[in-house]
Amino acid sequence: MSNKQDIINNLNILAIYYKQERDGIRRMAYENAIRSLNILDTDNITSIKQVKDLKGIGKNITAKIQEYLETGQIRKVEEVKPLIKTPKKPEGTSKEGIIALFKTIPGVGDAWAEKFWNEGIKSLNELKKRPDLMTHQQIIGLKYYDDLQKRIPRDYIYIFELMCRHLLNVEFGRDSYTMVIAGSYRRGLLDSGDIDMLITSKVFTLRQVTDFFTRKNIIVANLGTEGKESKEKFMGIAHCPGGDFFFHMDIVMLPQEEWGAGLLWFTGSKGFNVQLRYTAKKKGYTLNQHGLFSKSGTQIPVFTEKEIVSYLGEPWIPPEKR
């Protein structure tokens, strides 16, 4: 492992610790420093001069990197490692454990989990026998529960993307749309919790593409609220036809003028997006998934990721470095 990566790993431990401690300012500081180090064009840091002027690396973090270069470790990291809590599995027979288990079902929050407990439900199997207690989304989430707890391998998403792209080409035409799988997949991670498919098209609508994928047995269930159809976002359960692995997939239909902002928003990471929105706010703008807007609500004519980032005066960071 390069020493740059080891430094990043050490700073990430501190970011995790401060997130746990709900210290958002310090957590964000370490996440910003990690992003700057990720785009530094070297694998090995031999001198503090290489990093001290990087954006997001202030005096405190510079001192910690200097400490690493001199000693091979960061004392603060060694101090907090034993304090980082390992998430407990949501299991057990206590009320706390069962409530936590219920909350892993899509569409179940504190109030719903408490309701199930008060109804005398003590397990997922018991809950399956009481569909009268659940919403449509919860019933579907429980039906596919085991698969939805699994991570989706990157190779699987790649094959799924190729299949969907081929089908869309045949049905609507190769030049009729732009489609990107965003989220952690676009950031280069080895697996993902779900699939975020972004599409822009002047040829077909969200309803047309979801109906098409349903006919092709790609979409097997709708996680949306019954009776309420969105023209912008579909949430559902999907799989590769013939396969037995099901996963959560969102399809987001973006107007062309919102494409760049949508890519930023749905690609992440969360820390990267928070930093961009903070920068926008400092400069008197609002940045969200629909675009960059002035105080008066007028959209600034920047329509790609790079245009938005450049307009805000931030350095361009490719998705895999975020």
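To start, this report covers the structure provided alongside it. Since this is a predicted model, take the numbers as computed values, not measurements.

What counts, and at which threshold
Residues numbered from 1 in each chain as written. Predicted model: local features only at pLDDT ≥ 70, side-chain atom pairs only at ≥ 80, totals over all residues. Heavy atoms only, no water. Helix = DSSP H or I, 4+ residues; strand = E, 2+ residues; numbered from the N terminus. Buried < 20%, exposed > 50% of the residue type's maximum accessible area, 1.4 Å probe, protein only. Contact = heavy atoms within 4.5 Å. Areas by Shrake-Rupley, 256 points an atom, 1.4 Å probe, with all protein chains shown as cover. Lys, Arg positive; Asp, Glu negative; His and termini not counted. Charge placed at Lys NZ, Arg CZ, Asp CG, Glu CD. Disulfide = S-S within 2.5 Å. Pairing = 2+ DSSP bridges. Axes fitted to C-alpha atoms, helices over the stretch in contact; angles between N-to-C directions. Expected span 1.5 Å × (residues − 1).

## Let's talk about the overall build of the chain
Argument step 1. Along its length, the chain carries 15 helices and 9 strands.
Argument step 2. Taken over the C-alpha atoms alone, the chain extends approximately 60 × 55 × 40 Å along its principal axes.
Argument step 3. Relative to its 322 residues, the chain shows a buried fraction of 45%.
Argument step 4. By sequence separation, contacts in the chain at least 24 residues apart represent 56% of the contacts at least 6 residues apart.
Argument step 5. Of the accessible surface of the chain, which amounts to about 17800 Å², a share of 50% is contributed by carbon and sulfur atoms.
Argument step 6. Here the chain holds 48 positive side-chain charges and 39 negative ones, and the gap between their average locations is 4 Å.

## Observations concerning the state of the cysteines
Argument step 1. By the definition in use, this model includes 0 disulfides.
Argument step 2. Looking at the unpaired C164, the closest cysteine sulfur is the one in C240, lying at 7.3 Å.
Argument step 3. Exposure remark for C240: the relative accessible area of 13% places this residue in the buried category.

## Structural notes on the sheet that holds strand β2 (residues 178-181)
Hydrogen bonds between backbone groups are what pair the strands of a sheet, and the pairing can be parallel or antiparallel.
Argument step 1. With respect to topology, 5 strands assemble into an open sheet ordered β2-β4-β7-β6-β5, the strand pairing being mixed. One side of each edge strand has no neighbouring strand; the edge strands of this open sheet are β2 and β5 (219-222). Strand after strand, the sheet turns through a mean of 30 degrees between neighbouring axes, direction not considered.
Argument step 2. Judged from the 6 bridges that link them, strand β6 (residues 233-238) and strand β7 (residues 247-253) form a sheet pairing that is antiparallel. Residue K233 lies in a different strand from β7, and its bridge partner there is V252.
Argument step 3. Against the sheet, helix α12 (residues 206-215) makes contact with β4 (195-200), β5, β6 and β7, and its axis sits at roughly 150 degrees relative to β7, the strand it touches most.
Argument step 4. Across the sheet, helix α13 (residues 259-267) lies against β2, β4 and β7, angled at about 175 degrees from β4, the strand it touches most.

## Some points on helix α2 (residues 24-38)
Argument step 1. Between the first and last C-alpha of α2 there are 21 Å, a value that for 15 residues agrees with the 21 Å anticipated at 1.5 Å per step.
Argument step 2. All of the buried residues in α2 are R27, M28, Y30, N32, A33, I34, R35, S36, L37 and N38.
Argument step 3. Looking at the buried residues of α2, the elements they touch are α1 (3-20), α3 (59-71) and α14 (270-282).

All we've got here are geometric facts, nothing functional implied.
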